[in-house]
Amino acid sequence: MVEKLKERIIAGHNRQDDKGKEFYELAKDIMEHPVVLQMKQFNHHSQTSCYQHCVHVAYYCYIIAKKLGMDEMALIKGGLLHDLFLYDWHDYEPGKNERLHGFEHPNKALFNAHKYFKLTRKEGDIIVKHMFPLTLTLPSYKESYVIVFVDKFVSTCEVLDRFFKKKKRILT
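Figured I'd write up the structure that's included with this text. (Residues numbered from 1 in each chain as written. Predicted model: local features only at pLDDT ≥ 70, side-chain atom pairs only at ≥ 80, totals over all residues. Heavy atoms only, no water.)

**As for the pattern of salt bridges**
- Enumeration over the complete set of coordinates arrives at 6 salt bridges.
- Between Glu22 and Lys66 there is a salt bridge; the shortest N-O distance is 3.1 Å. Separated by 44 residues along the polypeptide, Glu22 in helix H1 (residues 2-31) and Lys66 in helix H3 (residues 50-68) bring together distant segments of the chain.
- Glu22 sits in the partly exposed class, given a relative accessible area of 35%. (Salt bridge = Lys/Arg side-chain N within 4 Å of Asp/Glu carboxyl O. Helix = DSSP H or I, 4+ residues; strand = E, 2+ residues; numbered from the N terminus. Buried < 20%, exposed > 50% of the residue type's maximum accessible area, 1.4 Å probe, protein only.)

As structure tokens, this is what we get:
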């Protein structure tokens, strides 16, 4: 009985490793892009950089898309680029006629993503509507709803991780 349980656990880890490798192969061109790598400079939630956060979001979106038969590439791309605003929002002062970061950054991320990548309408929708319901406009695609929920989940985990580990906010 113990041996069978051990085999199942090992098989589960192997499947996770395979999914991680598949994800990386699909995502590496975006993950290794110089502009995306700039996100490593900016703290996002607690001790998580903006880059780490976006990789987490993209990975979980990919897992869900795979399970539900959704557009995996749109969710990977949208997940990796949804916070491509390229500044530390903790120190950000809104400009004239600008709203707070939570309302503004989806449009800034979309602008930057368009500048460096070719996006489909679906990918653009995923990026610009990931802050729903804060930004009020309803997502147009089922994949956009996935990132809404995954982004909230991942952000909560990142913040709670700091709370439970009682660490200071740092970049790694």
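From this point on, the discussion continues.
**So, the nonpolar core**
- With 28 residues, the main nonpolar core has Phe23, Leu80 and Leu81 as its most contacted residues.
- Elements that contribute at least two residues to this core include exactly H1, helix H2 (34-37), H3, helix H4 (72-81), helix H5 (101-116) and helix H6 (121-128).
- Examining the composition of this core, we find that 8 residues originate from one element, H3, more than from any other.
- Those residues in contact with Leu80 that lie beyond four places of it in its chain are Ala27, Ile30, Met31, Met39, Cys54, Val55 and Ala58.
- In this structure, Ala65, Ile126, Ile147 and Val154 belong to the second largest nonpolar core, which totals 11 residues. (Core = buried A, V, L, I, M, F, W, Y, C linked by side-chain atoms within 4.5 Å. Contact = heavy atoms within 4.5 Å.)

**Concerning a nonpolar patch on the surface**
- Taken together, the side chains of Leu138, Tyr145 and Phe149 make up a nonpolar region of the molecular surface, amounting to roughly 330 Å² of accessible area.
- When you line up the elements, Leu138 lands in the loop between H6 and helix H7 (142-165). (Patch = residues over 30% accessible without salt bridge, like charges linked within 9 Å, V, L, I, M, F, W, Y side chains within 5 Å. Areas by Shrake-Rupley, 256 points an atom, 1.4 Å probe, with all protein chains shown as cover.)

**Brief notes about the packing of aromatic side chains**
- Applying the stated criterion across every chain, the model contains 5 aromatic pairs.
- Look at Phe23 and Tyr62: their rings are 5.8 Å apart centre to centre, the planes differ by 50°, and that puts the pair in the tilted class. On the criterion of sequence distance, the pair formed by Phe23 in helix H1 and Tyr62 in helix H3 is long-range, its members being 39 residues apart.
- Consider the rings of Tyr60 and Phe153, whose centres lie 6.4 Å apart with planes at 90°: the pair is edge-to-face. Linking Tyr60 in helix H3 with Phe153 in helix H7, this pair joins segments that are 93 residues apart in sequence. (Phe/Tyr/Trp six-rings, centres within 6.5 Å; stacked < 30°, edge-to-face > 60°.)

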